[in-house]
Amino acid sequence: MGVETKRANKPSTGQKVAVGFGLILLDLLVIAVFLWGYLITGWADNWNEDNAPEAPQAARQAMWFLAGGAVVTGGGLLALGRRAYGIVQLLALGGGAAAFALLAAL
């Protein structure tokens, strides 16, 4: 009778890094899309000076979407025990929400 070894069903470090990197890329993509919308709205506001500017409203909407995404994805990952991924989500999306809150206040 040989000694049996138990293999853990845990992903390797490389897989963890790849998942973390993928989450960061998705977060940055979402933030970039919202930033693009904000910039286009600000550009359009320059051409339509008779009406109230719409760029602050676009920044507020982006802020709320990013803050909600941070809470849902970051909190969900933390609840599932994926601490590092949850913290990354909270920092990336929460930081994006804070940046858009600053843009909305300008």
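The preceding data block contains the structure.
Source: prediction; values computed, not measured.

Chemist: I'd like a description of the overall build of the protein, backed by residues and values.
Modeler: A tally of regular secondary structure across the protein gives three helices and zero strands. When the elements of the protein are put in sequence order from the N terminus, they spell out α-α-α. Expected size for 106 residues packed as a compact globule is a radius of gyration near 13 Å; at 20 Å, the protein overshoots this value by more than 25%. Per-residue burial for the protein yields a buried fraction of 23% across its 106 residues. For the protein, the computed accessible surface area is about 7900 Å², with 68% contributed by carbon and sulfur atoms.

Chemist: Describe the nonpolar core, listing the residues and the values that go with them.
Modeler: Counting residues in hydrophobic clusters, the biggest one holds twelve residues: Ile31, Tyr38, Ala55, Ala59, Ala62, Met63, Leu66, Ala70, Leu93, Ala97, Phe100 and Ala104. Secondary-structure elements contributing two or more residues to this core are helix H1 (13–47), helix H2 (55–79) and helix H3 (83–105). Of the residues forming this core, the biggest block, six residues, is contributed by H2. When near neighbours in sequence (up to four residues on either side) are disregarded, Ala59 contacts Tyr38, Phe100, Leu103 and Ala104.

Chemist: Which residues make up a nonpolar patch on the surface, and what values go with them?
Modeler: A cluster of nonpolar side chains, Leu78, Ile87, Leu90 and Leu91, forms an exposed patch at the surface whose accessible area comes to about 340 Å². Mapped onto the elements of the fold, Ile87 is located in helix H3.

Chemist: Please provide a residue-by-residue account of the environment of Leu66, values included.
Modeler: Among the secondary structure elements, Leu66 is positioned in helix H2. Measuring from C-alpha to C-alpha, the distance between Leu66 and Phe34 comes to 9.2 Å, with 32 residues separating the pair along the chain. Leave out the neighbours within four places in its chain, and Leu66 touches Val30, Ile31, Phe34, Leu93, Gly96, Ala97 and Phe100.

Chemist: Quick rundown of the packing of aromatic side chains? Include the residues and the values.
Modeler: Enumeration according to the criterion identifies three aromatic pairs in this entry. Ring centres of Phe34 and Phe65 lie 5.8 Å apart, and the angle between their planes is 15 degrees; this geometry places the pair in the stacked category. A residue pair is termed long-range when its members are at least 10 positions apart, and Phe34 in helix H1 and Phe65 in helix H2 qualify at 31 residues. An angle of 80 degrees between the planes, with centres 6.5 Å apart, marks the rings of Tyr38 and Phe100 as edge-to-face. With a gap of 62 residues between them, Tyr38 in helix H1 and Phe100 in helix H3 connect regions that are remote in the sequence. In this structure Phe100 comes out as buried when scored by relative accessible area, which is 2%.

Chemist: Describe H3, with residues and values.
Modeler: One full turn of an α-helix is made of 3.6 residues, so residues set three or four places apart face in the same direction. For H3, spanning 23 residues, the distance from its first C-alpha to its last is 32 Å, which sits close to the expected 33 Å at 1.5 Å a residue. Buried within H3 we find Tyr85, Gly86, Gln89, Ala92, Leu93, Gly96, Ala97, Phe100 and Ala104. Where H3 is buried, its residues meet H1 and H2.

Parameters and conventions
Residues numbered from 1 in each chain as written. Predicted model: local features only at pLDDT ≥ 70, side-chain atom pairs only at ≥ 80, totals over all residues. Heavy atoms only, no water. Helix = DSSP H or I, 4+ residues; strand = E, 2+ residues; numbered from the N terminus. Rg over C-alpha atoms; globule rule 2.2 N^0.38 Å. Buried < 20%, exposed > 50% of the residue type's maximum accessible area, 1.4 Å probe, protein only. Areas by Shrake-Rupley, 256 points an atom, 1.4 Å probe, with all protein chains shown as cover. Core = buried A, V, L, I, M, F, W, Y, C linked by side-chain atoms within 4.5 Å. Contact = heavy atoms within 4.5 Å. Patch = residues over 30% accessible without salt bridge, like charges linked within 9 Å, V, L, I, M, F, W, Y side chains within 5 Å. Salt bridge = Lys/Arg side-chain N within 4 Å of Asp/Glu carboxyl O. Phe/Tyr/Trp six-rings, centres within 6.5 Å; stacked < 30°, edge-to-face > 60°. Expected span 1.5 Å × (residues − 1).

Function cannot be inferred from these measures alone, as they are strictly geometric.
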